[in-house]
Amino acid sequence: MAEEYEAAGGDDALPADSKLTTTKQRWAREGKFLTGRVTRSENERLPPGQHLVRDWPVLDLGLQPRIPLETWRLDVTGAVETPVSWDWPTFRAQKQTSEVTDIHCVTTWSRYDNRWEGLSTRDLLDIVMPRAEASHVMLQSYDGYTTNLPLEDFAAEDALLVHSWEGQPLTLEHGGPVRLMVPHLYFWKSAKWLKKIEFRTSDQRGFWEERGYHNHADPWKEERYSDDE
Ligand SMILES: Nc1nc2c(c(=O)[nH]1)N[C@H]1C(S)=C(S)[C@@H](COP(=O)(O)O)O[C@H]1N2
Ligand SMILES: [Mo]
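Conventions used here
Residues numbered from 1 in each chain as written. Chains lettered and ligands numbered in written order. Predicted model: local features only at pLDDT ≥ 70, side-chain atom pairs only at ≥ 80, totals over all residues. Pairing = 2+ DSSP bridges. Helix = DSSP H or I, 4+ residues; strand = E, 2+ residues; numbered from the N terminus. Axes fitted to C-alpha atoms, helices over the stretch in contact; angles between N-to-C directions. Near = placed C-beta within 6 Å. Nonpolar A, V, L, I, M, F, W, Y, C, P; charged D, E, K, R; others polar. Buried ≥ 20, exposed ≤ 12 C-beta atoms within 10 Å, placed from the backbone. Contact = placed C-beta atoms within 7 Å. Core = buried A, V, L, I, M, F, W, Y, C linked by C-beta atoms within 7 Å.

A. Molecular detail of the sheet that holds strand β3 (residues 84-87). Taken together, the five strands give an open sheet; going across it, the order is β3-β2-β11-β6-β7, and neighbouring strands pair in mixed fashion. The open sheet is flanked by β3 and β7 (146-150), the only strands paired with a single partner. The sheet shows a mean angle of 15° between the axes of neighbouring strands, direction not considered.

Encoded structure:
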């Protein structure tokens, strides 16, 4: 597994002692991000306290920011070797990944088998190269929303920066042009209308995390509210 991840990064092209190679070797050594996908049997698929829905509910802060593609940007900053500020064509030119995942919202609805397309967070990490001291990410959105994640959750194998759902551009109400999709955590961690990803050397709570939601948000552990922490 460690070898596969190294190979996928294309280290061959780099001199053995380059800073980037050293960082990657350190990740591999520490076994960071190599936990892989959890396999669950069908009867464990629905987390405790959840019910299935067929439609896709919309939740937001009462404001859906419309960002024209001409002015849209995604900034990736903080504790990384190579910060980026992408315009729309540059973002869309990145490597594409498809995933089919389930959504679990803390308000108790779950929705199975959503087909997404976008840039995988692991491919993003290969580009920006988090520094060794990076431990968390803070996501900032065009509506002012924020949410925080440990780096290893952000780096989950099936996490994507999504621009399409079921073969169509992500709609405004669901966070288009681009949202995060981290399927193994409650959906409030999946920031819509993504504007900025900041890599941090310490944790800081986001919008809902400051207002009584759990800091981590694992649906299988029912990490709903901060009283459970
Ligand atoms: N920017 C932004 N992202 C957000 C929110 C928000 O209000 N603003 N709400 C969160 C919450 S609480 C949920 S449950 C999901 C809802 O996503 P959906 O409307 O696509 O179902 O988005 C999350 N991401
Ligand atoms: Mo939510």
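We are not done yet, so read on.
B. Broad picture of the site of ligand 1. Taken together, 18 residues form the shell around ligand 1, and within it Ser141, Tyr145, His174, Trp188 and Lys192 come nearest. When the residues that make up the shell around ligand 1 are grouped by side-chain class, the tally is eleven nonpolar, four polar and three charged.

C. Region of interest: the environment of Val100. Residue placement: Val100 occurs in strand β4 (residues 97-104). Note on Val100: 11 C-beta atoms within 10 Å, which makes it exposed. Each C-alpha atom, one on Val100 and one on Tyr112, is 8.6 Å from the other, the two residues being twelve residues apart in sequence. Beyond its immediate stretch of four places on either side in the chain, Val100 contacts Asp113, Asn114 and Arg115.

D. Examining the nonpolar core more closely. By size, the foremost hydrophobic cluster in this structure holds 40 residues, and its most contacted members are Leu161, Val162, Val182 and Leu194. For this core, the elements supplying multiple residues, two or more each, are β2 (73-78), β5 (109-120), α4 (121-128), β6 (136-141), β8 (160-165), β10 (179-181) and β11 (194-200). The element best represented in this core is β8, accounting for four residues.

E. Spatial organisation of unusual backbone geometry. Put simply, Gly176 and Pro177 share a cis peptide bond, and its omega is 10°. By secondary structure assignment, the location of Pro177 is in the loop between β9 (168-169) and β10. Positive phi is not limited to glycine here, since Thr108 has a value of about 90°. Position of Thr108 relative to the elements: it lies in the loop between β4 and β5. Take Thr108: there are 13 C-beta atoms within 10 Å of it, and that puts it in the partly exposed class.

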